[in-house]
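So you can see what is in the structure, the chains are spelled out below.
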There are 2 protein chains.
Amino acid sequence: MTAVLQTDCADLLIENVRIVDVLSGTVREGCVAVKDGRILSFTRREAAEVYDGAGRYLVPGFIDSHVHIESSMLSPAGFASLLLPFGTTTVVADPHEMANVSGEEAVLGLIKASQRLPMSIKVMVPSCVPALPFEDSGAVLASEDVKKLLAYPEVLGLGEMMNFPGVINRDPEVMAKINATLALGKTVDGHAPMLTGTGLEAYASAGIKTDHECSTPEELRERVALGMYAAIRQGSAARNLLALVPGIDAKLTRRCLLCTDDRHAADTLEKGHIGAIVALAVKAGIDPIEAIRMATLNTAECYGMNDRGAIAPGRRADLVLVDNLTNFKAEAVWTEGNLVAEKGRLTIPAPEDAPDFLRNTVHIAPVTEADFALPIPSGHARMIGILPHDLTTVEKFADVKIREDGNMYLADNPGMIKIAVVERHKASGKTGVALFDPAYGLSGGAIATSISHDSHNIVVAGDNEADMATAVREVANLQGGIVMVSKGEIVAELELPVAGLMSDKNPDEVAAKIRKLTALAHDRFGITKTADAFMTLSFMALPVIPYLKLTTRGLFDVMNFRFVSSDAEA
Amino acid sequence: MTAVLQTDCADLLIENVRIVDVLSGTVREGCVAVKDGRILSFTRREAAEVYDGAGRYLVPGFIDSHVHIESSMLSPAGFASLLLPFGTTTVVADPHEMANVSGEEAVLGLIKASQRLPMSIKVMVPSCVPALPFEDSGAVLASEDVKKLLAYPEVLGLGEMMNFPGVINRDPEVMAKINATLALGKTVDGHAPMLTGTGLEAYASAGIKTDHECSTPEELRERVALGMYAAIRQGSAARNLLALVPGIDAKLTRRCLLCTDDRHAADTLEKGHIGAIVALAVKAGIDPIEAIRMATLNTAECYGMNDRGAIAPGRRADLVLVDNLTNFKAEAVWTEGNLVAEKGRLTIPAPEDAPDFLRNTVHIAPVTEADFALPIPSGHARMIGILPHDLTTVEKFADVKIREDGNMYLADNPGMIKIAVVERHKASGKTGVALFDPAYGLSGGAIATSISHDSHNIVVAGDNEADMATAVREVANLQGGIVMVSKGEIVAELELPVAGLMSDKNPDEVAAKIRKLTALAHDRFGITKTADAFMTLSFMALPVIPYLKLTTRGLFDVMNFRFVSSDAEA
């Protein structure tokens, strides 16, 4: 038999390796020939370049099955710089945050980014933009928009369907998005924290294929038995792996995936990425091959990525050389046959974003301190209360001094803090103002950020209205960022010019800047150490977490699903 | 949380069963509620009908991952009647034979049949119609035709790609078919007997996802390591399971499927179907859950059938109740929630085909004994030789008496047999004639059949030309069938009016008729018992099996890929 490929010269031969064959579940010694970015053969042959694996293990590139790139505060290019040295070569990204800012443009932009970056970014179309119908988000993705985006080959399906009541009750608009996805043979990601029993049955049977919200072995087992893949999450805040290990029986590992969901750049720099989660799983007693499968083959199968997830001819040459099957530290990383990192460092020029990727998204009406006036005619105020180490809020009350105009000003109320959400997509001038728990600790200035889930308006807190206005204006001036102002002076800032959510700087720089800002927040601005200074603010505007939240349209009582006044007697 | 489905009344509740959960790899006691043909819940609830499982095991309906329905000689309806009582609820059918007769119409007809039958027939578009370019088949499926057919939702992909040299050499027409399939995210089935090493790497890397031609553990392991699914075949002739068992390590069972490929109705009636293969695997030492997965979940995953392969809410209620996990005998079978069989018998009216399904496909020019004249001017003849229990042929030679016209007639050559292939699709009159090995044993008449792989013209063998002509005419008269003629009299026949390949009668009737014809063939017509009387004839016209075959255009030397004369000195 003549076979053209038999005599083909390879671009690359990685020799002297132990090939981790996740398909057969075995490890064997050998070599891997690569051509045109794909694995060509296990047979030794002439190659333009030879890499000596020195007897190390060669594993398939790791896949993060569910991630919001935005949580790293890095742009897609910076995110690739961050992840590649750790051996993550594919991410299944849900651009939920950037889509709340830029809608279809964000999804299309991410698809384009994937085409030019050395890391593969597969896209899930965000299913819930905006999170709630009355939100002042930057964009809306209706079922018709979703359908259009689903058609792109880089799109693997529909992003986490958070509206579980809508699914269970078969809401037509929700089902239109799901059914359009299923009709294309694509995947619908779930998000069903604590859902169980018949509710979960109704949710899963709508065609939801994954859930990354398991936090107990029972939840994991139930989801698998209902036909869902359990994506085991190990993020910055939510770290579920160790709690789930007792549920990860060898018989069901094929239905388990790994993901990070939300993870700060600094966490990844310090602890590693998917490879580190594989290592943690192995340390916790999971068979190494099964652990690797959760980060490779299983994810590829779940999402229909037939071109990756295993080392086999015809698949992408996304490969990671690791010293051992315990720490999974990446000695060398290839994507599509190109060496992109060695010993934890990129070996290629830092990837760059398209220069126009989601720029100039911050548009505000002129802001002055008068915008933060807060009418509380009765003098008895309703206030957002916070809890230590928790994004849930509580309703608190306080007596405040008011002026003749019925407004409460911070100058008259030392020790009190205001919080505001300023609409920043369409320069509508809409601004919600409320009192914020003094336990937050802020004094001597204001902090503003354009990261505020899910609509990403500008949220600002301060002990005086003038600094609040300055901080908001500077955030707009930067086209997004975190800004700290004290007595009229900009003390520190992090620019986030990409969708107002992400930096265009490299991971080390961003992580260092955040460390600096965090230290200032606690040391100079007095923020309590029982709260994440910035994340606390970022989640104050998310009206799906109980109990009292603030939107551009005012205080929102989440459990009663209605707006309420800051005047407790109104 | 309100959930509509929580309070839904079910159509059916199967209670008191041990649910075999192939997703989790466990067995648990419980009940299964069904509504609108889908599994609704594992929670007990009101139901229009309750079925007491009496503590038996409930397993997902079995899936045959690769089958040619035609080999059963039953129409799709008859095939469903045959398989349902054994618990096979889905077949992945490659209508290769009927497509060689009726092309696109056959594929579309099978799609329609699936829509009306109580068994699910998923369709693979035949990839090699005709098998060779010079074949007088009834139809051609070019890459453009294939593309059109691939779009149907009932079509799971491209049928077994037998042209492996074409794949390995990346023949444009072959690759057009493969790439069109992959572009739709569908599956390409393979067929790569004995292919190994770099040839197999080149074959697999083209995107071929399965192979059902493994006959050794090494072949199975190699295919799995190259990313293919190994479909373990247990047909009538090729029975590979027991030989493969040593290769089916627990770590790779997820990449293994079960199939029957070609299996006679009588074999299935006697031995059972996929359930019996699962039982055989378990008896051979495979873990029962893994064996069931090979017949359910793995196949569903391989072919992207997310709606079946496991018992879970939202999936098709294709269910089989079995007494134990050793013999897997089906006590009750449901498809889409309807009880279709109990204790080995249909509980529904026998399914029926559409009345016009592939009828009137046999068209011949007038045939007389003169058509079987065989010019051998030298008197030294080349002859097709057969081997015991083998479809491979050899070249033999014989001295024959000829008349003045240069032709050899059987009347002058007692003990000799002629074989002929009569074109029957377009009534072209093309007839290939040759001498056939006397070892076949036929005497006192002629046997003709419209089953002759792959083009399915009429093949006839006889010891006199008059009976040969009568037999061919009667096959045409029946619109397809097997006919036995002795001294001008039709002794026995089996009508195969569906595409000239399949009966419209029920499985028992067809199996009984074949038994009768077979007995007659050996006892009255003298056919050697070292050959299958009819299958031997059916494969004589397949010019891809070495060494000497006969087509409508004459004798074909397979290894040298050229036509040769019956006159050894020509």
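Scroll up to find the structure.
Residues numbered from 1 in each chain as written. Chains lettered and ligands numbered in written order. Predicted model: local features only at pLDDT ≥ 70, side-chain atom pairs only at ≥ 80, totals over all residues. Heavy atoms only, no water.

Undergrad: Any chance you could explain the overall build of chain A here in plain terms?
TA: When you go through chain A residue by residue, the secondary structure sums to 16 helices and 30 strands. Compactness check: chain A gives a C-alpha radius of gyration of 25 Å against a globular reference of 25 Å for 570 residues, within 12% of the reference. By its C-alpha atoms, chain A is 95 × 50 × 40 Å across when sized along the principal axes. The 570 residues of chain A split such that 64% are buried. Between the centroid of the 53 positive side chains of chain A and the centroid of its 73 negative side chains there is a distance of 3 Å. (Helix = DSSP H or I, 4+ residues; strand = E, 2+ residues; numbered from the N terminus. Rg over C-alpha atoms; globule rule 2.2 N^0.38 Å. Buried < 20%, exposed > 50% of the residue type's maximum accessible area, 1.4 Å probe, protein only. Lys, Arg positive; Asp, Glu negative; His and termini not counted. Charge placed at Lys NZ, Arg CZ, Asp CG, Glu CD.)

Undergrad: Would you explain the relation of the copies chain A and chain B in this entry?
TA: One copy of the chain maps onto the second through a rotation about an axis and a displacement along it. Between chain A and chain B, which share one sequence, the superposing operator has a rotation angle of 180 degrees and an axial displacement of 0.0 Å; the RMSD is 0.1 Å. In the structure described here, the two chain copies are related by an operation that fits a two-fold rotation axis. Both copies present the same face, since 100% of the interface residues in chain A are matched by interface residues at the equivalent positions in chain B. (Least-squares fit on C-alpha atoms with pLDDT ≥ 70 in both. Contact = heavy atoms within 4.5 Å.)

Undergrad: Could you clarify how one ought to interpret the interface of chain A and chain B in this entry?
TA: Where interface size is quoted, it is often the accessible area lost as the parts come together. If you look at the interface, chain A gives 50 residues, while chain B gives 50 residues. Roughly 3900 Å² is buried in total at the junction of chain A and chain B, and carbon and sulfur atoms are behind 50% of that figure. At the surface where chain A touches chain B, the tally comes to eight salt bridges. In this structure, Arg255(B) and Glu301(A) form a salt bridge, with 2.7 Å as the shortest nitrogen-oxygen distance. (Buried area = accessible area lost by both parts, 1.4 Å probe. Salt bridge = Lys/Arg side-chain N within 4 Å of Asp/Glu carboxyl O.)

Undergrad: I'm lost on the pattern of salt bridges in this one. Help?
TA: Pairing of side chains with opposite charge becomes possible as their charged atoms draw close. Residue and element names in this part refer to chain A. Under the defined criterion, the tally for this structure stands at 54 salt bridges over all chains. Between Arg233 and Asp261 there is a salt bridge, and its shortest N-O distance comes to 2.7 Å. Of the two residues, Arg233 sits in strand β12 (residues 229-233) while Asp261 sits in the loop between β13 (256-259) and α10 (265-271), which places them 28 residues apart along the sequence. Salt bridges sharing common partners tie together Arg56, Asp323, Glu331 and Lys343.

Undergrad: What exactly am I supposed to notice about the sheet that holds strand β12 (residues 229-233) of chain B here?
TA: Strand pairing in a sheet relies on backbone hydrogen bonds, with the paired strands running either antiparallel or parallel. Residue and element names in this part refer to chain B. Reading across from one edge, β6-β7-β8-β9-β10-β11-β12-β13 is the order of the eight strands in this open sheet, with parallel pairing throughout. Only two strands of the sheet have a single neighbouring strand rather than two, namely β6 (62-67) and β13 (256-259). Two strands pair when backbone bridges link them, and β6 and strand β7 (residues 88-93) are joined in this way by four bridges, in the parallel orientation. Note on β7: the bridge partner recorded for Asp64 is Val91. Against the sheet, helix α3 (residues 104-116) engages β7, β8 (120-125) and β9 (155-161), with an angle of about 160 degrees to β8. (Pairing = 2+ DSSP bridges. Axes fitted to C-alpha atoms, helices over the stretch in contact; angles between N-to-C directions.)

Undergrad: Quick question: what am I supposed to make of the environment of Asn306(A) here?
TA: Structurally, Asn306(A) can be placed in the loop between α13 (297-302) and β14 (319-322). Classification of Asn306(A) as partly exposed rests on a relative accessible area of 46%. Considered as a pair, Asn306(A) and Ile289(A) are 17 residues apart in the sequence and their alpha carbons are 19 Å apart. Not counting residues up to four positions away in its chain, the partners in contact with Asn306(A) are Arg315(A) and Lys209(B).

Undergrad: I tried to follow the pairing of strand β15 (residues 330-335) of chain A on my own but got confused; where do I start?
TA: Where a strand is regular, its side chains alternate between the two sheet faces. Residue and element names in this part refer to chain A. With six of six residues buried, β15 lies mostly within the body of the structure. By the bridge criterion, four bridges tie β14 to β15 in an arrangement that is antiparallel. The partner of Leu319 across the bridge, within β15, is Trp334. In the sheet, β15 pairs with strand β16 (residues 338-342) via four bridges, with the strands oriented antiparallel. Counterpart to Thr335 in the pairing with β16 is Asn338. Hairpin connection between β15 and β16: a loop of two residues separates the two successive antiparallel strands, and Glu336 in this loop has a positive phi of roughly 45 degrees.

Undergrad: When you look at the nonpolar core in this model, what are you seeing that I'm missing?
TA: Side chains that are nonpolar tend, in soluble globular proteins, to be buried together. Formed by 300 residues in total, the largest nonpolar core has its most connected members in Tyr203(A), Tyr203(B) and Tyr440(B). Once you skip the residues sitting within four places of it in the chain, Tyr440(B) turns out to touch Ile386(B), Ile417(B), Ile447(B), Ala461(B), Gly526(B), Ile527(B), Thr528(B), Ala533(B), Thr536(B) and Leu537(B). (Core = buried A, V, L, I, M, F, W, Y, C linked by side-chain atoms within 4.5 Å.)

Undergrad: Even after reading the chapter, I still don't get the packing of aromatic side chains, so can you show me in this structure?
TA: Both the distance between ring centres and the angle between the ring planes are used here to describe each pair of aromatic rings. Evaluation of the coordinates by the stated rule reveals 14 aromatic pairs over all chains. Ring centres of Phe134(B) and Phe556(B) lie 4.7 Å apart, and the angle between their planes is 45 degrees; this geometry places the pair in the tilted category. With a gap of 422 residues between them, Phe134(B) in the loop between β8 and α4 (143-150) and Phe556(B) in strand β29 (residues 554-557) connect regions that are remote in the sequence. Neither Phe134(B) nor Phe556(B) differs from the other in exposure class; each is buried. For Phe134(B), a relative accessible area of 16% corresponds to the buried category. Taken together through their ring pairs, the aromatic side chains of Phe134(A), Phe556(A), Phe561(A) and Phe563(A) make up a single cluster. Over the aromatic face of Phe42(A) sits the side chain of Arg28(A), whose NZ or CZ is 4.6 Å from the ring centroid. Residue placement shows Arg255(A) over the ring face of Tyr229(A); its charged tip is 4.1 Å from the ring centre. (Phe/Tyr/Trp six-rings, centres within 6.5 Å; stacked < 30°, edge-to-face > 60°. Lys NZ or Arg CZ within 6 Å of the ring centre and 35° of its normal.)

Undergrad: Just to check I follow, could you spell out unusual backbone geometry for this structure?
TA: Across residues other than glycine, the phi torsion is negative in most instances, and most of the peptide bonds are trans. Of note, the bond from Val129(B) into Pro130(B) is cis; its omega dihedral lies within 30 degrees of zero at 0 degrees. Position of Pro130(B) among the secondary structure elements: in the loop between β8 and α4. The amide bond that connects Pro546(B) to the next residue, Tyr547(B), takes the cis arrangement and shows omega of 0 degrees. Within the element layout of this structure, Tyr547(B) appears in the loop between α16 (533-538) and β28 (548-551). Positive phi is not limited to glycine here, since Asn16(A) has a value of about 60 degrees. Position of Asn16(A) among the secondary structure elements: in strand β1 (residues 10-21). Owing to a relative accessible area of 42%, Asn16(A) belongs among the partly exposed residues under this scheme.

Undergrad: Which parts of the structure should I look at to understand the packing of helix α4 (residues 143-150) of chain A against helix α6 (residues 172-183) of chain A?
TA: The description of two packed helices rests on the angle between their axes and on the distance between the axes. Residue and element names in this part refer to chain A. Direction vectors running N to C along α4 and α6 enclose 10 degrees, while the axes themselves pass 9 Å from each other. Compared by their axis directions, α4 and α6 come out roughly parallel. Residues Ser143, Val146, Lys147 and Leu150 of α4 lie in contact with α6, whose contacting residues are Glu173, Ala176, Lys177, Ala180 and Thr181. Residue composition of the contact of α4 with α6, grouped by class: four nonpolar, two polar and three charged. (Parallel < 35°, antiparallel > 145°, perpendicular 65-115°, else oblique. Nonpolar A, V, L, I, M, F, W, Y, C, P; charged D, E, K, R; others polar.)

Undergrad: Is there a simple way to explain helix α11 (residues 274-283) of chain A in this structure?
TA: For an α-helix the count is 3.6 residues per turn, leaving residues at separations of three or four pointing the same way. Residues and elements named next belong to chain A. Burial within α11 is extensive, with seven of its 10 residues counted as buried. Among all positions of α11, only Ile274, Gly275, Ile277, Val278, Ala279, Ala281 and Val282 are buried. Gly285 sits one or two residues past α11 and shows a positive phi near 110 degrees.

Undergrad: Looking at this model, I keep getting lost on α4(B). Mind explaining?
TA: Residue and element names in this part refer to chain B. Residues of α4 that are buried: Ser143, Val146, Leu149 and Leu150. Taken end-on, α4 shows its buried residues confined to a sector of 120 degrees, consistent with a single buried face. Tucked into the core, α4 has its buried residues touching α3, β8, β9 and α6 (172-183). (Arc of directions from axis to C-beta.)

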